[in-house]
Amino acid sequence: MLSRTLITAAAHASTLHIQLSTSIISLTSPFTRGSLRTLQNAIIAHATTSKTPVTPGEVNAAVLVPLCNVDGVPGVLLELRGGKLRSHAGEVSFPGGRVDPADASFLAAALRETQEEIGLDHRQIDILGQFGPPEQSLMGLRVWPYVGFVYPRGSHHTDTGSLDDPLPSISLSSLTISQAEVATVFHLPLSAFTSPVRIRPDMFRAASPYWAIDVSDLVEGSEGVNDPSGHSEVSGGKEGRLEVWGLTGWYMSLLMRILKVYT
């Protein structure tokens, strides 16, 4: 059933396919030092072929893809943006935002925004690298994505012990959410990115295939915000669903390609 569903979906998504057997890390076992090292090496290898120069005068933004274990399950933390925000209201996104002149780097901006939005201190985050190429948002910002692993507050990063020992899990209740910007934060397991009941094929900017992920059941009381202009990528998802889609979905699909989950 899994293979037939995915093959059918992949046919509609042109060249995008799912290859569970080739994933370089487990999608169900907790993150370990070993799996993070494998992922970091893959990000570094990818970066050597996708370097993008910074364009003078362009407005930049930076986001963090915060990987973590929750109750021993590997996944990514995602935000549901507040419904009253002027832009991207009611959408699923990564923590992050515009790079300020005072930020020492794009990464510094991503870490600052992450602390402001969901209360994660930069000392809790082990940065694995930046991937790309950075895409332009619908607001005209060049968005630079970084990947990091989140440790519980007070937990110490250590290079001792087995590479296969599970890393500690975080508690969602420990996060301090900015009520002005974020409606809620949820954990999306990595296994969701291959679930036939969650994925649907979509096209990023009408040119590149990727998988959108239905997360309606993971966010209690969520209601997508519809865009009256019908603009692609603006709203919580298609047909009343709450989805990881648009630029966020594109970046997650790209990360899954780096993991060799998608080919």
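Residues numbered from 1 in each chain as written. Predicted model: local features only at pLDDT ≥ 70, side-chain atom pairs only at ≥ 80, totals over all residues. Heavy atoms only, no water.

Caption draft 1: Structural detail: the overall build of the protein chain. When you go through the protein chain residue by residue, the secondary structure sums to 4 helices and 11 strands. In the protein chain, once contacts between residues fewer than 6 apart in sequence are set aside, the share between residues at least 24 apart is 70%. Counting every atom, the protein chain has about 12400 Å² of accessible surface; 53% of that belongs to carbon and sulfur. (Helix = DSSP H or I, 4+ residues; strand = E, 2+ residues; numbered from the N terminus. Contact = heavy atoms within 4.5 Å. Areas by Shrake-Rupley, 256 points an atom, 1.4 Å probe, with all protein chains shown as cover.)

Caption draft 2: Inspection of the sheet that holds strand β11 (residues 243–244) at higher detail. Taken together, 3 strands build an open sheet; the order of strands is β9-β10-β11 and the sheet is antiparallel. Across the chains shown, the open sheet's two edge strands, defined by having one partner strand only, are β9 (199–204) and β11. Pairing analysis gives 6 bridges linking β9 to strand β10 (residues 208–214), with the strands arranged antiparallel. Across the sheet, residue I199 finds its bridge partner in β10, namely I213. Strands in contact with helix α4 (residues 246–258) are β9, β10 and β11; relative to β10, the strand with the most contacts, it is inclined by about 105°. (Pairing = 2+ DSSP bridges. Axes fitted to C-alpha atoms, helices over the stretch in contact; angles between N-to-C directions.)

Caption draft 3: Examining the packing of helix α2 (residues 33–47) against α4 more closely. With their axes 9 Å apart at the nearest point, α2 and α4 run at an angle of 105° to one another. In terms of orientation, α2 and α4 fall into the roughly perpendicular class. Listed contacts from α4 to L39, A42, I43 and H46 of α2 are L254, L255 and I258. Residues of the contact of α2 with α4, tallied by class, amount to 6 nonpolar, 1 polar and no charged. (Parallel < 35°, antiparallel > 145°, perpendicular 65-115°, else oblique. Nonpolar A, V, L, I, M, F, W, Y, C, P; charged D, E, K, R; others polar.)

Caption draft 4: Looking closely at α4. Its 13 residues give α4 an end-to-end C-alpha distance of 18 Å, which sits within 8% of 18 Å, the value for a rise of 1.5 Å per residue. Extensive coverage of α4 is indicated by the burial of 12 of its 13 residues. Listed as buried for α4 are G246, L247, T248, G249, W250, Y251, M252, S253, L254, L255, M256 and I258. Following α4 by one or two positions, K260 has its phi on the positive side, about 65°. (Expected span 1.5 Å × (residues − 1). Buried < 20%, exposed > 50% of the residue type's maximum accessible area, 1.4 Å probe, protein only.)

Caption draft 5: Layout of the environment of G72. Here G72 shows up in the loop between β1 (60–70) and β2 (73–81). Beyond its immediate chain neighbours, meaning those up to four positions away, G72 contacts T28, S29, P30 and S169.

Caption draft 6: Layout of the side chain of E117. If you trace the backbone, E117 turns up in helix α3 (residues 106–118). At 5.1 Å, R81 is the nearest oppositely charged side chain to E117, a buried residue that forms no salt bridge. A polar contact of 3.3 Å, which involves the side chain of E117, links it to the backbone nitrogen of G96. In contact with E117, other than residues within four places in its own chain, are E79, F94, P95, G96, T176, I177, S178, E181 and V182. (Lys, Arg positive; Asp, Glu negative; His and termini not counted. Salt bridge = Lys/Arg side-chain N within 4 Å of Asp/Glu carboxyl O. Polar contact = N/O pair within 3.5 Å; in protein donor to acceptor, adjacent residues only side chain to side chain.)

Caption draft 7: The arrangement of the pattern of salt bridges in detail. Taken as a whole and assessed by the stated rule, the structure comprises 10 salt bridges. We note a salt bridge from R142 to E58, for which the minimum N-O separation is 3.1 Å. With R142 in strand β7 (residues 142–150) and E58 in the loop between α2 and β1, this residue pair connects regions lying 84 residues apart in the sequence. For E58, a relative accessible area of 21% corresponds to the partly exposed category. Taking the shortest distance from any N to any O, the salt bridge between R112 and E113 comes out at 3.3 Å. Overall, E113 belongs to the buried group, its relative accessible area being 9%. Several salt bridges share partner residues, and in doing so they unite D100, D103, R112, E113 and E116 into one network.

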